[in-house]
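Inside the fold
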Amino acid sequence: MKHLIILGDGMSDHKVARLGGKTLLEYASTPAFDRLASEGRSGMLHTIPSGLHPGSEVANATILGYDLTEVYEGRGPLEAASMGYEMTADDMAMRCNILTLTSDGLIRNHHGGHLTTDEGRDIIKMLDRWLGSDRVKFLPGVQYRHLLVIKGGDKRIVTTPPHDNPGKEWRNLLVRPIDENDTALPGKMSPRETADLINSLILRSQELLAAHPLNKRHEEQGRPVANSIWPWSQGYRPSMLTLQQMYPDVRTGAVITAVDLINGIGHYAGLRSVHVEGATGLVDTNYEGKCLAALEALRTDDFVFLHIEAADEAGHDGDLELKIRAIEYLDRRVVGPIMRELSMWDEPVAVALLPDHPTPVEERVHRAEPVPFTIWHKGIEPDDVLAYSEAACAKGSYGTLHLMEFMHEFMKIK
């Protein structure tokens, strides 16, 4: 039995008055999701361990069967792996957003006006020329998502995910030590020195970006300007078993995503990364290309993790119509074609559909709440769930699973 996980990042939501009290999954037209649920078995899943924030790196790694209380090192090291940067023992890596701050000191967005990859890389390369050193290195990623590596940095600091704080005063969210009394460890800066260095980089980036030609063009076009960096989610090189080591039936596997973070998880999980031309992480992503890539991977690999980011980005932007469209595109352009193709295969494939966490469109932040999931394969005995939504899946035969239990159940299917 081969295994395919289709993950719609952040597509779970709350009830919305404008939709007659329905959630977006209940309101959207999702015949393929509903077919999967009616022919399979469903349940709810807690993806966030107690004490950890509801980040995508936490939720996605948990879904893949990892105990984040043991292996969690933040987003930075995962994105470093995706970029091909092999961390050394003295590296501290951080996700580095390029974002938009308002003139009155608030976080307007976490993406700098949805930068293109070329725009983002131009900015990061410029910042590395001006702010980089033997201790500080900026590495370009995709769109607004980049990497900051600090040699000798101490991860005992408090950093803030910008997508969880739209409309907040950014100065109140600058980096600080967890404990002001923490002293430097051998070969490292102290937490206070680390925090001060990162905050100085934020302030200096704002000075440099104020005069960047890209922002002049954005102002003329009425677009948000990309006027600050925002480093967060720090960590050292993680120690993780591969899926092949945890699940002997997984001899080979693939990850398909437009997000560096997910590619980084895939790297440490022993999955090869499949590049899809036109995959953007937004609602304009190449759905058909991702669908075909997943089917091609299933012909040769035992396990495929197909990640679609668009609904999460729309949720963070508070765009109700866009998030509904992202959900319907995933249903019509990915899940539907995959199910039609697999129904004709002799090779058995188990399919799971789920989000990693809710990103409620009226709150614009991740929530550590259970998410609906459905598992299907030929010959499965269906339960009584007839549609894919939060309320419907809560009545499913799997009940409520916690953390790694989902992957253990999924990989039991042989």
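Calculation notes
Residues numbered from 1 in each chain as written. Predicted model: local features only at pLDDT ≥ 70, side-chain atom pairs only at ≥ 80, totals over all residues. Heavy atoms only, no water. Helix = DSSP H or I, 4+ residues; strand = E, 2+ residues; numbered from the N terminus. Expected span 1.5 Å × (residues − 1). Buried < 20%, exposed > 50% of the residue type's maximum accessible area, 1.4 Å probe, protein only. Arc of directions from axis to C-beta. Contact = heavy atoms within 4.5 Å. Axes fitted to C-alpha atoms, helices over the stretch in contact; angles between N-to-C directions. Left-handed = near helix turned anticlockwise from the far one by under 90°. Nonpolar A, V, L, I, M, F, W, Y, C, P; charged D, E, K, R; others polar. Phe/Tyr/Trp six-rings, centres within 6.5 Å; stacked < 30°, edge-to-face > 60°. Lys NZ or Arg CZ within 6 Å of the ring centre and 35° of its normal.

1. A few points about helix α11 (residues 287-300)
Along its 14 residues, α11 runs 21 Å from first to last C-alpha, staying within 8% of the 20 Å computed at 1.5 Å per residue. If you check which residues of α11 are buried, you get Tyr-287, Gly-289, Lys-290, Cys-291, Ala-293, Ala-294, Leu-295, Ala-297 and Leu-298.

2. Quick notes on helix α2 (residues 31-39)
Within α2, burial applies to Ala-32, Phe-33, Leu-36 and Ala-37. Projection of α2 onto a plane perpendicular to its axis shows the buried side chains occupying an angular sector of 140°, all on one side. Residues of α2 that are buried sit in contact with α1 (24-27), β2 (41-46), α13 (320-342), β13 (349-354) and β14 (371-376).

3. Some words on the packing of helix α3 (residues 56-63) against helix α10 (residues 260-268)
One can describe the packing of α3 onto α10 by two numbers: an axis separation of 10 Å at closest approach and a directional angle of 35°. Like other packed secondary-structure pairs, α3 and α10 cross with a definite hand, here right-handed. Facing α3, whose interface residues are Ser-56, Glu-57, Asn-60 and Ala-61, α10 presents Leu-261, Ile-262 and Ile-265. Taken together, the residues of the contact of α3 with α10 sort by class into four nonpolar, two polar and one charged.

4. Looking at the packing of aromatic side chains
The way to describe two aromatic rings as a pair is by their centre distance and the angle between their planes. Summed over all chains, the structure comprises five aromatic pairs. Ring centres of Phe-33 and Tyr-388 lie 5.6 Å apart, and the angle between their planes is 80°; on these two criteria the pair is classed as edge-to-face. Here the residue Phe-33 occupies a position in helix α2, and Tyr-388 occupies one in the loop between β14 and α14 (390-393), the gap between them amounting to 355 residues. Plain terms: the ring middles of Phe-406 and Phe-410 are 5.9 Å apart, the flat faces sit at 15° to each other, and that makes the pair stacked. With Phe-406 and Phe-410 both in helix α15 (residues 405-411) and four residues apart, this pair spans about one turn of that helix. The same class applies to Phe-406 as to Phe-410, namely buried. What links up through ring pairs into an aromatic cluster is the set Phe-373, Tyr-398, Phe-406 and Phe-410. Above the face of the Tyr-236 ring, Lys-188 is positioned so that its terminal group lies 4.4 Å from the ring centre. Arg-333 extends its terminal NZ or CZ atom over the ring of Tyr-329, reaching a point 4.7 Å from the ring centre.

5. Some remarks on unusual backbone geometry
In this structure, Ser-233 is a non-glycine residue whose phi angle is positive, near 60°. Mapping Ser-233 onto the fold places it in strand β9 (residues 228-235).

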